[in-house]
Amino acid sequence: MDTGTVRKPGTGNEEFPAEKFQILDERIKEYKGKTGATIRVMSKAQEIFGYLPREVMFRIADGLGIPPVKVYGIATFYSYFSTMPPARHKIISCQGTACYVSGGRQMLEKLERILGIRRGETTPDREFSIHPVRCIGTCALAPVIKIDSEIYSRVSIGKIKKILARYSKKYEEKN
Ligand code: FES
């Protein structure tokens, strides 16, 4: 973990107000010394901040008295944790059996090609992130993708750009 220019952790700023760090400190106190404290605190921190920025990982390490690299290692090992700010639009690409056999895999690959990112990643403009999942419970409508709370059913590869264009002008097709 890069330990370069880091402001004193948790002093607060516009993006990470001091109140959020206070709540985090309370959670650290609550869990310190208990079984699974690191993961439990990290999970709370992600709820509070939306992801695990570097300052927050340092704060957790400091508070629990463990090396920052341990927190960073856990954050990057488990896909549940994110060290990147959340995207404005979260794309869920179903890879359950019904979706997979009706083109779900090709759909996922096409999304990756169009957005220029791999599954689990966020576009550099923070507009989209892609998350494959096992089944979202609408198998009769396969293949399915979900963007935020909207479900798109029987999606064909040719429709993907049109769907993305609803969220970002960048993907509008020029005539
Ligand atoms: S397999 Fe895709 S919704 Fe069930």
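Thresholds applied
- Residues numbered from 1 in each chain as written.
- Predicted model: local features only at pLDDT ≥ 70, side-chain atom pairs only at ≥ 80, totals over all residues.
- Domains from an automatic or database assignment.
- Buried ≥ 20, exposed ≤ 12 C-beta atoms within 10 Å, placed from the backbone.
- Helix = DSSP H or I, 4+ residues; strand = E, 2+ residues; numbered from the N terminus.
- Contact = placed C-beta atoms within 7 Å.
- Pairing = 2+ DSSP bridges.
- Right-handed = clockwise from strand over helix to strand, strands pointing away.
- Arc of directions from axis to C-beta.
- Axes fitted to C-alpha atoms, helices over the stretch in contact; angles between N-to-C directions.

Participant: An account of the domain arrangement of the protein is requested, with residue identities and associated values reported.
Facilitator: For the protein, the assigned domains read domain 1 (18-77) and domain 2 (89-171). In this structure, domain 1 and domain 2 have C-alpha centres spaced 31 Å apart.

Participant: Could you give an account of helix α3 (residues 54-64), with specific residues and numbers?
Facilitator: Given 3.6 residues per turn, any residue in an α-helix points the same way as the ones three and four places further on. Within α3, 8 of the 11 residues are buried, which leaves it mostly tucked inside the rest of the structure. Where the residues of α3 are buried, they touch α1 (18-31), α2 (37-49) and α4 (68-77). Trailing α3 by a residue or two, Gly 65 shows a phi angle of about 70°, which is positive.

Participant: Describe the pairing of strand β1 (residues 89-94), and please don't skip the residues or the numbers.
Facilitator: Bridge count for β1 against strand β2 (residues 128-133) is 6 bridges, and the pairing is parallel. Bridge assignment links Cys 94 to a residue of β2, and that residue is Val 133. Traced from β1 through helix α5 (residues 97-115) to β2, the parallel crossover comes out right-handed. Both β1 and strand β3 (residues 145-147) contribute to a ladder of 3 bridges, which runs antiparallel.

Participant: Could you give an account of α4, with specific residues and numbers?
Facilitator: Looking only at α4, the buried set comprises Val 71, Tyr 72 and Ala 75. Take α4 and look down its axis: the buried residues cluster within an arc of 100°, on one side only. For α4, exposure combined with an orientation more than 90 degrees from the buried face picks out Val 69, Gly 73 and Phe 77.

Participant: Hey, could you go over the sheet that holds β1 for me, with residue numbers and the actual values?
Facilitator: Paired through their backbone hydrogen bonds, the strands of a sheet run either parallel or antiparallel. In spatial order, the strands read β2-β1-β3-β4; together these 4 strands make up an open sheet with mixed pairing. At either end of the open sheet lies a strand with only one pairing partner, and these are β2 and β4 (150-152). Sheet twist, expressed as the mean angle between neighbouring strand axes with direction ignored, is 20°. Most of the contacts of α5 go to β1, to which it runs at about 145°, and overall it touches β1, β2 and β3.

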